[in-house]
Amino acid sequence: MKPAPFKYHDPKTLSELVELMSNLEDAKILAGGQSLMPMMNMRYVTPEDVIDINGVNELDFIKLENDHLTIGSMTRQKDILSNQKIFDKAPIFREALNHVGHIQTRSRGTIGGSLCHLDPSAEIPALASLYDASLTVVNREGSREIHIDEWVLAYMMPSISDEEVLTSISIPVWKNPHGYAFIEFARRHGDFAVCGAGTLVEIDANDIISKVAIVVAGVDVKPLRLSTLETDLIGKKATKDTLEYACSSAKKIEAISDVYFSTQYRQRLAGTLIKRSLEVAIERARIINNDG
Amino acid sequence: MADNREITIKVNGKDMTTYVETRLSLGDVLREHFHLTGTHLGCEHGVCGACTVVVDGEPIRSCLMLGVQAHGKEVTTVEGLSKGEDLHPIQEAFWKNHGLQCGYCTPGFLTTLFSFLENNSDPTEREIREAISGNICRCTGYQNIVNAALDAAKVMKGS
């Protein structure tokens, strides 16, 4: 349970970092270490070089400009949780981040680390999908932006080459006050979720759904946006029947199965969690409407 | 071709310098180089929480952080909680409430709660259970640990 020998590098700037990455053959980036370190301890991963980017301070920032929230890839999960700007503009982050691991892992774990590790049931990639986030990666030649849909190539495989590094994620926040909810089911609080569901919703004064986004994690190899259901819900009144409709259509998702949980079980969970998250989000939207 | 570095860490208020292999975890550095064996390594892959120490005010898993990454930082281990023979209120409360049996997980619970209670002076039972959700205990069933934490919170708030 100790990592195999490696050479340790700790660049202090982004340019030092990309230079190193273009020169090293078999390097792994060490961000918060909450996924890579266990894999190295168990020797699932035995890189020749480890590039610790915890000293690259320019990757640790939170910016809110023109309704775009930009978060540096080395921003710690605990800092996102406690950030008031994020809570004011995108309160679902706090609810979702509370499900990410435990206090000891959120102290170290970063937003970029989670986006690169890409666990199918992880909350941060689900949030990125919910908000149609775009990610910026950099190499020695320059940078490129990738939409979250194109970022996830396959099971735990992000669209990034060995010479590139994820530097930030940018999210268009919802301009108007809105309802939100992130609900998940795990065997123990903070464990990897079996399934999670996130919803953002705006309703008008007549209780009609005017804008909605729904994401589900843990049913596919990547977070799944339910765009067909979203389109169907627009213009519908926020009633019990509407919730039941969302539930039954979510149960038809093509879900993965593994030795722990079957496809049918995940479909039922997805349906139930989506219904519950929509219900809570609508209730919160109503409270906002009544207060306003 | 071992890759070594000299590091200095402020452990429990005292600067400590050593020469370590870069692949060594902070937990192993504390135990093997500084002989502070109060920090227990359980699972060594970030699940059990026994190895929790406080780095620059934040509780972290010392099996998932390299010793070299703690260079220049302040670390508090379970040895740093008591003042000489005087137990910290959290330790006192664990003792009074029978918050441990075998004691293997205890350093992790103490350091986690130490950091949590410093920042949350009036926690609810639910908040305490959430705070210790990353620590596994196979002896107590957690009830006495939660009771101890609630007791300690009262004492710490009063002082």
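As the structure is a prediction and not an experimental result, all values here were calculated from the model.

A. Representation of the environment of Lys73 of chain B. All names here are of chain B. Its place among the elements puts Lys73 in the loop between strand E4 (58–61) and strand E5 (74–76). Judged by the 16 C-beta atoms lying within 10 Å of it, Lys73 falls in the partly exposed class. Along the chain, Lys73 and Ile132 lie 59 residues apart, while their C-alpha atoms are 24 Å from each other. Beyond its immediate chain neighbours, meaning those up to four positions away, Lys73 contacts Ile9, Val55 and Asp56.

B. Highlighting the packing of helix H2 (residues 89–96) of chain B against helix H5 (residues 143–158) of chain B. All names here are of chain B. Where H2 contacts H5, the axes come no closer than 8 Å and their chain directions differ by 140 degrees. One finds that H2 runs oblique with respect to H5. Of the two elements, H2 crosses H5, and the hand of that crossing is right-handed. Taking contact as the criterion, the partners of Pro89, Ile90, Ala93, Phe94 and Lys96 in H2 are, on H5, Ala148, Asp151, Ala152, Val155 and Met156. Among the residues forming the contact of H2 with H5, the class breakdown is 8 nonpolar, no polar and 2 charged.

C. Representation of the interface of chain B and chain A. The partner chain A presents 25 residues to the 25 residues of chain B that form the contact. Of the residues forming the side of chain B that touches chain A, the biggest block, 4 residues, is contributed by E4 of chain B. Within the side of chain B that touches chain A, the residues separate by chemical class into 10 nonpolar, 9 polar and 6 charged.

D. The arrangement of the domain arrangement of chain B in detail. Residue and element names in this part refer to chain B. Once the domains are mapped, chain B shows domain 1 (4–80) and domain 2 (89–158). Summarising the inter-unit geometry, the C-alpha centres of domain 1 and domain 2 are found 21 Å apart. Across the boundary between the two partners, domain 1 contributes 16 residues, which contact 12 residues of domain 2. When contributions to the side of domain 1 that touches domain 2 are tallied by element, the ones reaching two or more residues are strand E3 (52–55) and E4. Residue composition of the side of domain 1 that touches domain 2, grouped by class: 7 nonpolar, 8 polar and 1 charged.

E. Summary view of the nonpolar core. Core analysis: the biggest nonpolar cluster contains 130 residues, and Val216 and Ala270 of chain A together with Leu113 of chain B have the highest contact counts within it. Among the elements that take part in this core, helix H12 (residues 263–291) of chain A stands out by supplying 8 residues, more than any other. When residues no more than four places from it in sequence are discounted, the contact partners of Leu113 of chain B are Ile90, Ala131, Ile132, Ala149 and Ala152 of chain B.

F. Main features of H2 of chain B. For H2 of chain B, every residue scored as buried is listed here: Pro89, Ile90, Gln91, Ala93 and Phe94 of chain B. Where H2 of chain B is buried, its residues contact helix H3 (106–119) and H5 of chain B.

G. Inspection of the pairing of strand E1 (residues 4–11) of chain B at higher detail. Pairing between E1 of chain B and strand E2 (residues 14–21) of chain B: 8 bridges, direction antiparallel. The partner of Arg5 of chain B across the bridge, within E2 of chain B, is Val20 of chain B.

H. Layout of the environment of Cys43 of chain B. Looking at the secondary structure, you find Cys43 of chain B in the loop between helix H1 (26–33) and E3. C-beta crowding within 10 Å serves as the criterion here: with 16 such atoms nearby, Cys43 of chain B is assigned to the partly exposed category.

I. Structural view of the domain arrangement of chain A. By the assigned domains, chain A splits into domain 1 (7–52), domain 2 (57–172) and domain 3 (179–291). A C-alpha centroid distance of 37 Å is found between domain 1 of chain A and domain 3 of chain A.

J. Structural context of the confidence of the model for chain B. When pLDDT is averaged along chain B, the result is 97, and 99% of the positions lie at 70 or above. In the predicted complex, the global pTM is 0.95; the interface-specific ipTM is 0.95.

K. Quick look at the sheet that holds strand E3 (residues 49–52) of chain A. Residue and element names in this part refer to chain A. Here we have 3 strands laid out as an open sheet, ordered E1-E3-E2, and parallel in their pairing. Only two strands of the sheet have a single partner each, and these edge strands are strand E1 (7–9) and strand E2 (27–30). Sheet twist, expressed as the average angle between the axes of neighbouring strands with direction ignored, equals 25 degrees. Relative to E3, E1 runs parallel, the two being bridged by 3 bridges.

Each value, and the rule that gives it
- Residues numbered from 1 in each chain as written.
- Chains lettered and ligands numbered in written order.
- Predicted model: local features only at pLDDT ≥ 70, side-chain atom pairs only at ≥ 80, totals over all residues.
- Helix = DSSP H or I, 4+ residues; strand = E, 2+ residues; numbered from the N terminus.
- Buried ≥ 20, exposed ≤ 12 C-beta atoms within 10 Å, placed from the backbone.
- Contact = placed C-beta atoms within 7 Å.
- Axes fitted to C-alpha atoms, helices over the stretch in contact; angles between N-to-C directions.
- Parallel < 35°, antiparallel > 145°, perpendicular 65-115°, else oblique.
- Left-handed = near helix turned anticlockwise from the far one by under 90°.
- Nonpolar A, V, L, I, M, F, W, Y, C, P; charged D, E, K, R; others polar.
- Domains from an automatic or database assignment.
- Core = buried A, V, L, I, M, F, W, Y, C linked by C-beta atoms within 7 Å.
- Pairing = 2+ DSSP bridges.
- pLDDT = per-residue confidence, 0-100.

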